[in-house]
Amino acid sequence: MLCTDIQVPVKAPEAAFIAAWNTLVREKAKIRAGGDSALAKYRASELMGLLESTGEIHAFDYALSVRVLDCIEVWPGGKLTVSFLAGIRI
């Protein structure tokens, strides 16, 4: 299978980000940053502050995604994984 064989609907990454963000908002008490580096701890504290101030979102927020999003991985079958800069993957 080639990476070009996987097709993802245009709005799917945006919807995946919205769903992942809202999951973080609802489960922020369970969040643990991935990694022990100072940068990971800083990004986790920034993420917690943004979760508190922003809350749940209902539309894609580009500015927010630039601040917190590391990447969105596409898996065979079109499944998406959202990775945040704090080391959290959903």
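Heads up: the structure comes first, above all this text.
Since the structure is predicted, the reported quantities are computational estimates derived from the model, not experimental observations. (Residues numbered from 1 in each chain as written. Predicted model: local features only at pLDDT ≥ 70, side-chain atom pairs only at ≥ 80, totals over all residues. Heavy atoms only, no water.)

Next up on the list: helix H2 (residues 38–54). Compared with the 24 Å implied by 1.5 Å per residue over 17 residues, the 24 Å span of H2 between its first and last C-alpha is a close match. Every buried residue belonging to H2 is among Ala40, Ala44, Leu47, Leu50 and Leu51, and all of these are buried. All buried residues of H2 lie within an arc of 125° about the axis, which places them on one face of the element. Exposed and facing more than 90 degrees away from the buried side of H2 are Ala38, Lys41, Glu52 and Ser53. (Helix = DSSP H or I, 4+ residues; strand = E, 2+ residues; numbered from the N terminus. Expected span 1.5 Å × (residues − 1). Buried < 20%, exposed > 50% of the residue type's maximum accessible area, 1.4 Å probe, protein only. Arc of directions from axis to C-beta.)

What follows is about the pairing of strand E2 (residues 80–84). It is a general feature of regular strands that their side chains alternate between the two faces of the sheet. Burial runs high along E2: five of the five residues are buried. In E2, alternate side chains face the same way, and those of Leu80, Val82 and Phe84 on one face and Thr81 and Ser83 on the other are all buried. Looking at chain direction, strand E1 (residues 69–74) and E2 are connected through five bridges and run antiparallel. Counterpart to Glu73 in the pairing with E2 is Thr81. The turn linking E1 back onto E2 is made up of five residues, and Gly77 within it adopts a positive phi angle of 90°. (Pairing = 2+ DSSP bridges.)

Before going further, it helps to examine the pattern of salt bridges. Under the definition given, this model contains five salt bridges. Its salt-bridge partner being Lys11, residue Glu14 comes within 3.7 Å of it at the nearest N-O pair. In this structure Glu14 comes out as partly exposed when scored by relative accessible area, which is 30%. Notably, a salt bridge pairs Glu46 with Arg67, separated by 3.7 Å at the nearest N-O pair. Of the two residues, Glu46 sits in helix H2 while Arg67 sits in helix H3 (residues 62–68), which places them 21 residues apart along the sequence. Overall, the relative accessible area of 32% leaves Glu46 in the partly exposed class. Its relative accessible area of 51% is what places Arg67 among the exposed residues. (Salt bridge = Lys/Arg side-chain N within 4 Å of Asp/Glu carboxyl O.)

The biggest cluster of nonpolar side chains holds 19 residues, and the ones touching the most others in it are Phe17, Trp21, Leu47, Leu64, Val68 and Phe84. Listed by contribution, the elements that provide at least two residues to this core are helix H1 (12–26), H2, H3 and E2. When residues of this core are assigned to their parent elements, the largest contribution, seven residues, is made by H1. Among all residues touching Phe17, those that are not within four sequence positions of it are Ile57, Phe60, Asp61, Leu64, Ser65, Val68, Leu69, Val82 and Phe84. (Core = buried A, V, L, I, M, F, W, Y, C linked by side-chain atoms within 4.5 Å. Contact = heavy atoms within 4.5 Å.)

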